[in-house]
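Analysis of the macromolecular model
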Amino acid sequence: MSVFDDEILAAMEKSRSEIPHPSQEKGTNLYGSTKLFPDYQAGEGQSWLTLVHGIPHESSVSFVAVLQTTRALRKGFDATLYFYGPGALACADTRGFPTTGDVAFPGNQNMNDAIKTFIAEGGTVLCCRFGMALHGQREEDLIEGVIPCHPLDVQDAVIHFANKGAIINSVYNL
């Protein structure tokens, strides 16, 4: 016995058949591919700093920041990721369920994997000790290669990179 009466079932079928599915075959281009700007590459000695103040999995902001910084690294920039505040959680290598490293749901380890790729390709990752402490994270829980930093280093890192003429990208999620 259906929870819906015949009138509702008929309306459901009508609604489902109003638009054919799939409306486009797999592989159909829905968007143009014209790139507006040149594919810039880093000049000699150019650097890039991304500050990340966002919780992994709460939005795509932090993950996209890692991907952008990896792209900058691949373009030849001396690239650094700096995680602080709740962003420090992204640097934990103890994430996963039911055991560390396990993928509890699709995308669960995207941040960890992207950070590890960034480090393996030569990027520098800094993580604020105060951000770690706020969330009960220990230094031994950090992804291998992540460098723990003093809380006062956040501002001085921005000054350092600004003095070098670096591109500085700062992301938050609210």
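Summarised in this report is the structure supplied together with it.

Cut-off values and rules
Residues numbered from 1 in each chain as written. Predicted model: local features only at pLDDT ≥ 70, side-chain atom pairs only at ≥ 80, totals over all residues. Heavy atoms only, no water. Axes fitted to C-alpha atoms, helices over the stretch in contact; angles between N-to-C directions. Helix = DSSP H or I, 4+ residues; strand = E, 2+ residues; numbered from the N terminus. Parallel < 35°, antiparallel > 145°, perpendicular 65-115°, else oblique. Left-handed = near helix turned anticlockwise from the far one by under 90°. Contact = heavy atoms within 4.5 Å. Nonpolar A, V, L, I, M, F, W, Y, C, P; charged D, E, K, R; others polar. Phe/Tyr/Trp six-rings, centres within 6.5 Å; stacked < 30°, edge-to-face > 60°. Buried < 20%, exposed > 50% of the residue type's maximum accessible area, 1.4 Å probe, protein only. Arc of directions from axis to C-beta. Core = buried A, V, L, I, M, F, W, Y, C linked by side-chain atoms within 4.5 Å. Patch = residues over 30% accessible without salt bridge, like charges linked within 9 Å, V, L, I, M, F, W, Y side chains within 5 Å. Areas by Shrake-Rupley, 256 points an atom, 1.4 Å probe, with all protein chains shown as cover. Salt bridge = Lys/Arg side-chain N within 4 Å of Asp/Glu carboxyl O.

1. Some words on the packing of helix H2 (residues 61-74) against helix H3 (residues 110-120)
Where H2 meets H3, the closest approach of the two axes is 10 Å, and the angle between their N-to-C directions is 20 degrees. The angle between the axes of H2 and H3 places the two elements in the roughly parallel class. In this structure, H2 crosses over H3, and the sense of that crossing is left-handed. Two secondary-structure elements touch here, H2 through Ser62, Phe63, Val66, Thr69, Thr70, Leu73 and Arg74 and H3 through Asn110, Met111, Ala114, Ile115, Thr117 and Phe118. For the contact of H2 with H3, the residue count by class is seven nonpolar, five polar and one charged.

2. Considering the packing of aromatic side chains
Enumeration over the complete set of coordinates arrives at one aromatic pair. Measuring from ring centre to ring centre gives 5.6 Å for Trp48 and Phe77, while their planes differ by 65 degrees; the resulting arrangement is edge-to-face. A residue pair is termed long-range when its members are at least 10 positions apart, and Trp48 in strand S1 (residues 47-53) and Phe77 in the loop between H2 and strand S2 (78-83) qualify at 29 residues. For the residue pair Trp48 and Phe77, the accessibility class agrees, reading buried in each case.

3. Topic: the side chain of Thr69
Position of Thr69 among the secondary structure elements: in helix H2. Once residues within four sequence positions are removed from consideration, Thr69 is found in contact with Trp48, Thr50, Ala79, Thr80, Leu81 and Phe118.

4. Some details on the side chain of Ser62
Along the chain, Ser62 falls in helix H2. If sequence neighbours within four positions are ignored, Ser62 has contacts with Val52, Gly54, Ile55, Met111 and Asn173.

5. Here we look at H3
Looking at H3, one finds that the buried residues are Met111, Asn112, Ala114, Ile115, Phe118 and Ile119. Buried residues along H3 cover an arc of 165 degrees about the axis, so they all sit on one side. Those residues of H3 that are buried lie in contact with H2, S2 and strand S3 (124-128). One or two positions beyond H3, positive phi appears at Gly122, with a value near 105 degrees.

6. A look at the nonpolar core
Counting 25 residues, the largest nonpolar core has Phe83, Ile115, Val125 and Val146 as the members making the most contacts within it. Residue assignment for this core shows that the elements contributing at least two residues are S1, H2, S2, H3 and S3. The leading source of residues in this core is H3, at five residues. Those residues within four positions of Ile115 in sequence are excluded, and the remaining contacts are Val66, Phe83, Ala90, Val125 and Ile143. Core analysis: the next-biggest nonpolar cluster, separate from the first, contains 11 residues, Leu51, Tyr82, Leu126 and Ala157 among them.

7. Side note on a nonpolar patch on the surface
Among the surface-exposed residues, Val3, Phe4, Ile8, Leu9 and Met12 lie close enough to one another that they form a single nonpolar patch of about 430 Å² accessible area. Mapping Met12 onto the fold places it in helix H1 (residues 6-17). Accessibility expressed as a relative area gives 31% for Met12, which makes it partly exposed.

8. What about helix H5 (residues 153-163)?
Residues of H5 that are buried include every one of Val154, Ala157 and Phe161, and no others. Buried residues in H5, looked at end-on, bunch into an arc of 60 degrees, giving them a common side. Along H5, the residues that are exposed and aim more than 90 degrees away from the buried face are Gln155 and Asn163. Gly165, located one to two residues past H5, shows a positive phi value of around 75 degrees.

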